[in-house]
Amino acid sequence: MSRDFLLELGTEELPPTALKNLLAALAAGVKAGLDDAGLPYSAINSYASPRRLALVVEQLAEATPVRQVTNWGPPAQVAFDADGKPTRAAEAFAKKNGIAIDELTTENDGKADKLVAHQEAGGEPTTDLLAGIVQEALAKLPIPKRMRWGAKRTEFVRPAHWLVMLFGDDVVEAEVLGLSGGRDSRGHRFHHNQVISIDSPGNYVEIMKAAYVQVDMAARRALIIDQVNREAAAIDGTAVIDEDLLDEVTALVEWPVALTGRFEERFLQVPAEALISSMAEHQKYFHVVDNNGQLKPYFITVANIESQDPTQVIDGNERVIRPRLSDAAFFFETDKKHTLASQRKRLGSIVFQAKLGSILDKTDRIAALAASIATDIGADAAKAKRAGELSKADLVTEMVLEFDKMQGIAGYYYALNDGEDPEVASALKEQYLPKYAGDELPDTQTGTLIALADRLDTIVGIFGIGQKPTGSKDPFALRRASLGALRLMVEKDINLDLRELLKRAATGHGDNIKDAASTVEESLAYMLERFRAWYEEDQIATEVYLAVAAKKLSHPVDINTRVLAVDAFAQLPEAQALAAANKRVSNILSKLEEAPASEVNTKLLAEPAEQQLAEAVADKAQRVAPLFAERRYADALAELATLRAAVDTFFDDVMVMADDQALRNNRLALLAQLRGLFLQVADISALAPAKG
């Protein structure tokens with residue numbers, strides 16, 4: 001027998017940015033509790049609104065399954081004395097299992113005769129377990145800071161006011177967070193501010209909808225998208241729906257109603273990003289663009305009320321946003337009265353890191369390093385230097401102090417206003433790219449150089465003062481900075497030695513770094529290790545990366561080219577056999593006291609199999625040489641893959657460690673040449689499966 005179970009916890013308005021995670025965690029906690037209790041069910045449906053967290057568990061069993069349990073006790077020779085009377089061990093076993101002494105029986109467990117008790121377990125009523133399961137799930141919710149309310153000692157993310165717990169049509173008699181389970185919920189705070197009686201879990205969604213509460217977050221989200229798009233279409237525009245903002249708005253309303261407002265066109269003279277930031281962050285509005293992607297003087301708000309006079313709601317929102325946009329316009333005009341270059345000196349009073357100087361110091365280091373890299377790759381060093389010097393100047397502007405997400409973007413607009421080179425201006429905006437995995441990269445070469453120099457300066461500096469990441473703690477986001485730097489070098493084809501760049505970055509820090517050499521090596525190892533996560537994301541086996549990592553290279557572009565080549569090689573049918581052969585050769589050579597000869601004496605090639613392999617190795621060496629020179633590693637490995645037949649025959653027919661020392665040494669030299677060909681790309685022996 002089974003019934004549906006409804007849980008609804010009613011609260012004060014829950015934190016909108018946390019609602020989605022709270023609901024997911026609650027569902028996961030209840031699922032874990034039901035699974036641990038062995039209670040079967042068919043599905044768990046999650047619901048939430050600003051004032052409630054709810055779950056409907058479909059077809060939940062009315063009791064835990066009954067099962068037969070065999071409990072083994074002490075051996076018979078311990079349970080009974082010489083006269084056959086039960087010992088204390090037998091009495092303890094009988095008491096533990098709730099059986100009479102004279103009902104004790106023995107069976108053989110395959111090793112010895114022992115006391116045994118066959119009993120039934122399970123059958124606990126589900127209603128006896130639900131309160132504990134729910135309480136445990138609520139206790140484990142990811143709530144950084146819990147609060148109390150009234151005179152109660154109960155704690156939760158927000159004050160809890162009602163609790164619905166229905167198992168089928170029946171109320172579950174339970175207490176959770178100081179509330180007694182019942183069937184009474186609450187409707188919309190304005191449209192239906194009254195108690196609602198839930199007759200059964202199956203009717204929950206429709207009953208709440210009749211009370212102006214759309215409890216299904218996914219349905220509410222879809223409704224908001226549809227309404228917002230309709231509103232935008234009505235003004236010949238396109239709504240830009242940011243996913244995070246959409247989630248937050250979904251968590252703020254129970255009965256969404258999208259409305260369109262307007263602001264004065266004069267505000268369009270302000271950078272669009274500032275207007276968008278003001279509308280989204282402060283008022284939770286969606287902005288609208290035209291067919292060219294340009295901001296239109298409209299916004300779309302999602303109200304939590306179905307007003308009889310929507311114009312009043314719209315007018316209220318327009319009056320609220322106007323001073324916000326006026327502030328943005330004021331900051332923009334005020335900042336333009338000063339050049340970025342003049343703002344830069346104020347960075348000297350802002351500490352980047354106590355042991356690494358001010359942000360002004362950092363911009364000097366970025367400028368020098370970026371210009372140096374520009375010279376290496378034939379880019380414009382003057383532009384790189386100028387962009388580096390101005391890179392953080394907008395941090396002290398009124399615009400960025402008010403809208404922190406405008407950093408870089410504000411600098412771009414102010415640089416253009418100052419008459420700076422357009423590429424320098426773009427670099428100020430692009431310096432923070434990529435911001436996260438998969439994010440876009442800078443479009444300009446100067447922006448790429450500034451972004452790279454900034455990250456290298458931070459990584460070396462933080463490692464140099466002993467503040468490297470430990471475990472999950474990474475306060476300076478060095479993991480993200482490392483991945484960003486690698487992406488910039490690889491995807492922008494900056495084919496330089498990362499070790500050398502880190503040395504230059506360390507030099508820029510001067511005496512702030514006491515042991516520059518070890519700092520560089522430690523930073524290099526840390527950064528290159530980030531490649532592992534990169535390739536895992538691209539579904540490239542760790543063994544492939546390790547095969548290349550064994551080469552101890554420090555050119556990210558070259559490393560990436562090799563990894564892709566080895567990954568392609570690993571898909572070939574010959575790969576595993578050749579990897580195993582390389583591993584075998586590696587093991588043999590590692591045991592030698594001295595390296596074998598560099599040349600093979602063809603006169604000592606006694607067996608046809610070794611003659612064939614020697615010819616094949618010599619031929620392939622000539623064929624792949626130009627491929628290696630052009631870094632065409634994939635083509636080279638594909639060519640070397642054809643050695644498989646000769647290698648297999650050699651190991652089948654030839655005794656490498658022959659008694660004759662001359663033959664043995666010559667065969668070892670041949671194997672060393674074979675392995676050397678593959679090692680020009682990677683140590684493919686790493687692809688061989690480990691012996692279990």
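Data block above holds the structure.
(A) Structural detail: the packing of aromatic side chains. Applying the stated criterion across every chain, the model contains 13 aromatic pairs. With centroids separated by 5.4 Å and ring planes inclined at 40°, the aromatic side chains of Phe531 and Trp534 adopt a geometry described as tilted. Remark: Trp534 and Phe531 occur in helix 19 (residues 516–537); sequence separation between them is 3 residues, near one turn of the helix. A relative accessible area of 0% means that Phe531 is categorised as buried. Clustering of aromatic rings is evident, with ring pairs tying together Phe531, Trp534, Tyr535 and Tyr545. Sitting over the ring of Phe352, Lys362 keeps its end group 4.6 Å from the ring centre. Above the face of the Tyr526 ring, Arg530 is positioned so that its terminal group lies 4.2 Å from the ring centre.

(B) Spotlight on the sheet that holds strand 2 (residues 43–49). The strand order 2-3-1-7-8 describes an open sheet built from 5 strands, whose pairing is antiparallel. Both edges of this open sheet fall to strand 2 and strand 8 (170–171), since each of them pairs with a single strand only. Bridging between strand 1 (residues 2–11) and strand 3 (residues 52–61) involves 8 bridges; their strand directions are antiparallel. Bridged to Phe5 within strand 3 is Val57.

(C) The arrangement of the environment of Leu141 in detail. Looking at where Leu141 falls in the secondary structure, it is placed in the loop between helix 4 (126–139) and strand 7 (160–167). For Leu141, a relative accessible area of 4% corresponds to the buried category. Placed 115 residues apart in sequence, Leu141 and Leu26 show a C-alpha to C-alpha distance of 6.5 Å. Apart from residues lying up to four places away in sequence, Leu141 is in contact with Leu22, Ala25, Leu26, Leu53, Arg146 and Phe156.

(D) Spotlight on unusual backbone geometry. Each neighbour pair has its own omega, and for Leu433 with Pro434 the value is -5°, a cis peptide bond. Of note, Pro434 is situated in the loop between helix 15 (422–430) and helix 16 (445–464). The phi dihedral of Lys552 is positive, around 60°, even though this residue is not glycine. If you trace the backbone, Lys552 turns up in the loop between helix 20 (542–549) and helix 21 (556–570).

(E) A look at the pattern of salt bridges. For the structure on display, the rule yields 46 salt bridges. Note that Arg52 is salt-bridged to Glu254, the shortest N-O span being 3.0 Å. Here the residue Arg52 occupies a position in strand 3, and Glu254 occupies one in the loop between helix 7 (243–252) and strand 14 (257–262), the gap between them amounting to 202 residues. For Arg52, a relative accessible area of 0% translates into the label buried. The class for Glu254 is buried, based on a relative accessible area of 3%.

(F) Structural detail: the sheet that holds strand 13 (residues 238–240). Reading across the sheet, the 4 strands line up as 13-15-16-14 and stay open at both edges, with antiparallel pairing between neighbours. The two strands at the open ends of the sheet, each matched to only one other strand, are strand 13 and strand 14. The mean angle between the axes of side-by-side strands here comes to 35°, regardless of whether they run parallel or antiparallel. One ladder, built from 3 bridges, connects strand 15 (residues 286–289) with strand 16 (residues 295–303); its direction is antiparallel. Bridge pairing in strand 16 places His287 opposite Phe299.

Each value, and the rule that gives it
Residues numbered from 1 in each chain as written. Predicted model: local features only at pLDDT ≥ 70, side-chain atom pairs only at ≥ 80, totals over all residues. Heavy atoms only, no water. Phe/Tyr/Trp six-rings, centres within 6.5 Å; stacked < 30°, edge-to-face > 60°. Helix = DSSP H or I, 4+ residues; strand = E, 2+ residues; numbered from the N terminus. Buried < 20%, exposed > 50% of the residue type's maximum accessible area, 1.4 Å probe, protein only. Lys NZ or Arg CZ within 6 Å of the ring centre and 35° of its normal. Pairing = 2+ DSSP bridges. Contact = heavy atoms within 4.5 Å. Salt bridge = Lys/Arg side-chain N within 4 Å of Asp/Glu carboxyl O. Axes fitted to C-alpha atoms, helices over the stretch in contact; angles between N-to-C directions.

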